[in-house]
Structure formats: structure tokens, C-alpha cells
Amino acid sequence: MNGNQVALRGQGFSPERLAAIRKGLITLHTLELMAQTIYKFQITKKPSELNRKLIAAMCNEMTHYQDFQVKLYEYNFRPSIFRMAYWFVGFLFGFTSRLRGPKAILKTGIWVETKAVHHYGELLKNIEWDDDTRAVIEKDQADEDGHIESWKKLLEQI
């Protein structure tokens, strides 16, 4: 990333629009922290296709987390100080599903990603985003759809 890829956003926006954008970005940022943490704690030491895909999904969620952190700072906002609660929930979901086995890992992934796609859709529909931020959100939502399909295919194979 270079300086030309970062823009200062929100100048001239109404306070109401900025408040909605702030709330939406904080929601997305904290949910992506939870998602990457779930995947981190689902990965086992066993060399397997599932672990390979979990590592890729974790990396993908980490890029989403960075996407929204950048957007927060571009708007002169800060991440939520309560985001660590989402880390803890991610740990609980990830570790518990890992203990329960591959089917539980995949079912958890499908459930969490389905919720994420729904959240993305609601935020896209209800907030007046700038074009660049909307494009990032739409791209990240499409990634989440891809995770759902990947987990469903693996689940069918078990």
C-alpha cells in the first residue's frame, strides 16, 4: 500500500451520515476480528485440506480486518475499545468447534459466514457509503459467500 491508496474521507458529510458510517465500520471491524480468531483456533496440527483452507480463510479475514481498520482511520474514527470481547467470542467458537471435530468446524464456519453475509447486506442497504468504501464492503461480502460455499463442499465430503 502506498500513500496514494489512502484518502481522507467524510469531509462535507452530515453528522448523521458520519455516525452511521462509524457504527457500520466498527461493526465490520469487530466482526472480522471475531472471524479471524475463530479460524485461528480451529486450525489443528494435522496436515489436512481442512487446515489448509482454514489458514487461507484466516488470512482472508485478516485482510478484511485491515480493510476496515484503514477505513476507520480514513474517516478519523478509532476501533472500538471493546473489540477484545469479540476476540474472546471468536476464541470460544473456534476452540469449542475444534474440540468437537471437523463437522463442527465446518458447521460453525457456515453459520458464522452466513451471519456475516447478512450483516454486510444490511449495512450496505442501510448506510450511505462513499463509493470506495462500498466497493470494499461488497468485495469482502463476496469473499464471505465464497467461504460458505467452500465449507459446504467440504462438509458434503465428510
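Structure: see above.
Residues take numbers from 1 onward in each chain, read along the sequence in its written order. Given that the model is predicted, a residue must reach a pLDDT of at least 70 before its local features are reported, and side-chain atom pairs must reach 80 or more before they are shown or counted; all residues, however, enter totals for whole chains, interfaces and linings. Water and hydrogen atoms were dropped before computing side-chain values, which therefore reflect all heavy atoms in the structure.

(A) Just the overall build of the protein chain, in detail. Helical segments are the DSSP runs of H or I of at least four residues, strand segments are the runs of E of at least two, and each set is numbered from the N terminus. Secondary structure assignment for the protein chain yields five helices and zero strands. Starting at the N terminus and walking to the C terminus, you meet the elements of the protein chain as α-α-α-α-α. The C-alpha atoms of the protein chain give 16 Å as radius of gyration, which agrees with the globular expectation for 158 residues (15 Å, within 12%). Along the longest, intermediate and shortest principal axes, the C-alpha atoms of the protein chain span 55 × 30 × 25 Å. Throughout, exposure labels follow a simple rule: accessible area from a 1.4 Å probe, protein chains only, divided by the maximum for the residue type, with under 20% read as buried, over 50% as exposed, and the rest as partly exposed. When each of the 158 residues of the protein chain is scored for burial, the buried share is 42%. Looking at the protein chain alone, contacts between residues at least 24 apart form 80% of all its contacts between residues at least 6 apart. Carbon and sulfur atoms make up 59% of the accessible area of the protein chain, which amounts to about 9,000 Å² in all. Note on charges: Lys and Arg go in the positive column, Asp and Glu in the negative column, and His and the chain ends are not counted at all. The atoms used to mark charge sites are NZ of Lys, CZ of Arg, CG of Asp and CD of Glu. Charge-centre separation for the protein chain: the mean point of 22 positive side chains lies 9 Å from the mean point of 19 negative side chains. Only the C-alpha atoms count toward the radius of gyration. The rule for a globule is 2.2 Å times the residue count to the power 0.38. In what follows, a contact means two residues having at least one pair of non-hydrogen atoms within 4.5 Å. Note on areas: Shrake-Rupley, 1.4 Å probe, and residue coverage restricted to the protein chains presented here.

(B) Layout of the side chain of S80. Tracing the backbone shows S80 in the loop between α2 (49–74) and α3 (83–100). We classify S80 as buried; its relative accessible area is 16%. A polar side-chain atom of S80 sits 3.0 Å from the main-chain amide nitrogen of F82. Discounting residues that sit within four places of it in the chain, S80 has contacts with I26 and T30. Any pair of nitrogen or oxygen atoms within 3.5 Å is treated as a polar contact; in protein, a donor-acceptor pairing is required on top of that, and neighbouring residues in sequence qualify only through side-chain atoms on both sides.

(C) Fine view of the pattern of salt bridges. Put simply, a salt bridge is a Lys or Arg side-chain nitrogen that is within 4 Å of an Asp or Glu carboxyl oxygen. With the rule as written, the count across this model stands at 10 salt bridges. Close ionic contact of R17 with E128 constitutes a salt bridge, the shortest N to O distance being 3.5 Å. One end of the pair, R17, is in helix α1 (residues 15–42); the other, E128, is in the loop between α4 (102–126) and α5 (131–157), with 111 residues separating them in the sequence. Since its relative accessible area comes to 18%, R17 is described here as buried. One connected set of salt bridges, linked through shared partners, spans R9, K71, E74, D130 and D132.

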